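The chain contents come next:
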Amino acid sequence: VQLQASGGGLVQAGGSLRLSCAAPERGFNIVVMGWYRQTPGKERELVAIITSSGSTTYTDSVKGRFTISRDNAKNTVYLQMNSLKSEDTAVYYCNAGVRQTWGTVVNYWGQGTLVTVSS
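A brief structural summary. (Residues numbered from 1 in each chain as written. Predicted model: local features only at pLDDT ≥ 70, side-chain atom pairs only at ≥ 80, totals over all residues. Heavy atoms only, no water.)

### Notes on the side chain of Arg-37
Basically, it comes down to this: Only runs of H or I of at least four residues qualify as helices and only runs of E of at least two qualify as strands under DSSP, and these elements are numbered from the N terminus. For every residue, the accessible area (1.4 Å probe, protein chains only) is compared with the maximum for its type, and the residue is labelled buried under 20%, exposed over 50%, or partly exposed between those bounds. Any N or O atom pair separated by 3.5 Å or less is treated as a polar contact, with the protein-specific requirement of one donor-capable and one acceptor-capable atom, and with residues adjacent in sequence counted only for side-chain atom pairs. A contact between two residues is defined here by any heavy atoms of the two lying within 4.5 Å.
For Arg-37, the position within the fold is in strand β4 (residues 29-38). What makes Arg-37 buried here is its relative accessible area of 6%. Within the structure, the side chain of Arg-37 is placed 2.7 Å from the side chain of Glu-45, a separation counted as a polar contact. There is a polar contact of 3.3 Å between the side chain of Arg-37 and the side chain of Ser-61. Leaving out residues up to four positions away in the same chain, Arg-37 has contacts with Glu-43, Arg-44, Glu-45, Val-47, Ser-61, Val-62, Phe-66, Glu-87, Asp-88, Ala-90, Val-91 and Tyr-92.

### A word on the packing of aromatic side chains
To keep things clear, this is the line we draw: Note on ring pairs: Phe, Tyr and Trp rings are taken, using the six-membered ring of Trp, and paired if centres are within 6.5 Å. Classes follow the plane angle, with under 30 degrees stacked, over 60 edge-to-face and the rest tilted. A ring has a charge above it when a Lys NZ or an Arg CZ is no more than 6 Å from the ring centre and no more than 35 degrees off the ring normal.
Under the counting rule described, the total for this entry stands at one aromatic pair. On the basis of an interplanar angle of 75° and a centroid distance of 5.0 Å, the ring pair of Tyr-36 and Trp-109 is categorised as edge-to-face. On the criterion of sequence distance, the pair formed by Tyr-36 in strand β4 and Trp-109 in strand β10 (residues 105-109) is long-range, its members being 73 residues apart. For Tyr-36, a relative accessible area of 19% corresponds to the buried category. Over the ring of Tyr-78 we find Arg-18, and its NZ or CZ is 4.1 Å from the ring centre. The ring of Tyr-93 carries Arg-44 above its face, with NZ or CZ at 3.6 Å from the centroid.

### So, the environment of Pro-24
Along the chain, the position of Pro-24 falls in the loop between β3 (17-22) and β4. For Pro-24, a relative accessible area of 42% gives the class partly exposed. Between the C-alpha atom of Pro-24 and that of Tyr-58, which follows or precedes it by 34 residues, the distance is 25 Å. If sequence neighbours within four positions are ignored, Pro-24 has contacts with Gln-2 and Gln-4.

### With respect to the sheet that holds β3
Definition in use: When DSSP finds two or more bridges between two strands, those strands count as paired. Angles shown run from 0 to 180 degrees and are taken between the N-to-C directions of axes, each axis being a line fitted to C-alpha atoms and, for helices, limited to the stretch in contact.
Reading across the sheet, the four strands line up as β1-β3-β8-β7 and stay open at both edges, with antiparallel pairing between neighbours. Each end of this open sheet is capped by a strand with a single partner; those strands are β1 (4-6) and β7 (66-71). Each neighbouring strand pair of the sheet contributes to a mean axis angle of 15°, computed without reference to strand direction. With six bridges connecting them, β3 and strand β8 (residues 76-81) associate as antiparallel partners. Along β8, the bridge assignment pairs Leu-19 with Leu-79.

### Concerning the nonpolar core
Quick note on the threshold: What is meant by a nonpolar core is a set of buried Ala, Val, Leu, Ile, Met, Phe, Trp, Tyr and Cys residues, joined one to another through side-chain atoms within 4.5 Å.
Counting 29 residues, the largest nonpolar core has Trp-35, Leu-79, Met-81 and Tyr-92 as the members making the most contacts within it. Of the residues forming this core, the biggest block, five residues, is contributed by strand β9 (residues 90-99). Look past the residues within four positions of Met-81 in its chain and what remains in contact with it is Gly-15, Ser-16, Leu-17, Leu-19, Arg-65, Phe-66, Tyr-92 and Val-115.

Given below as C-alpha cells:
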C-alpha cells in the first residue's frame, strides 16, 4: 500500500495547516489510518488515528487543537491542525493499518512531511 502525504510547511505559531494522506490503490482493507510525528533524537509518537468506523484517538497534547477525519471512499485521511505551537514542529508520517487475508494488521507508512512552526 503506497501512501501519498501532503500539506506540510512553515507556519507561524497560532496558525493552521491541513495534512492529507491518500492511499490511491483499491482492494485493501484499511482498518485504521492516522498520523505520527518524529523530531530528531526522539521516537516516533502517535498524533491521531481514526478507524474505518470513525472512532478517533488523539495524543493529549493535541486534543482540542487537531482534528482527524477520513474519507473512506477515497481512502484519504486528513489532519486539521489549528493553534499550532512550536512544539508541534516535526516530521509527520501518515500510517495505514491494513488487515491481511489471514487476519493480521500490517502497518504501512508514508514518506513524511515536515511541519515547522515558528514562534
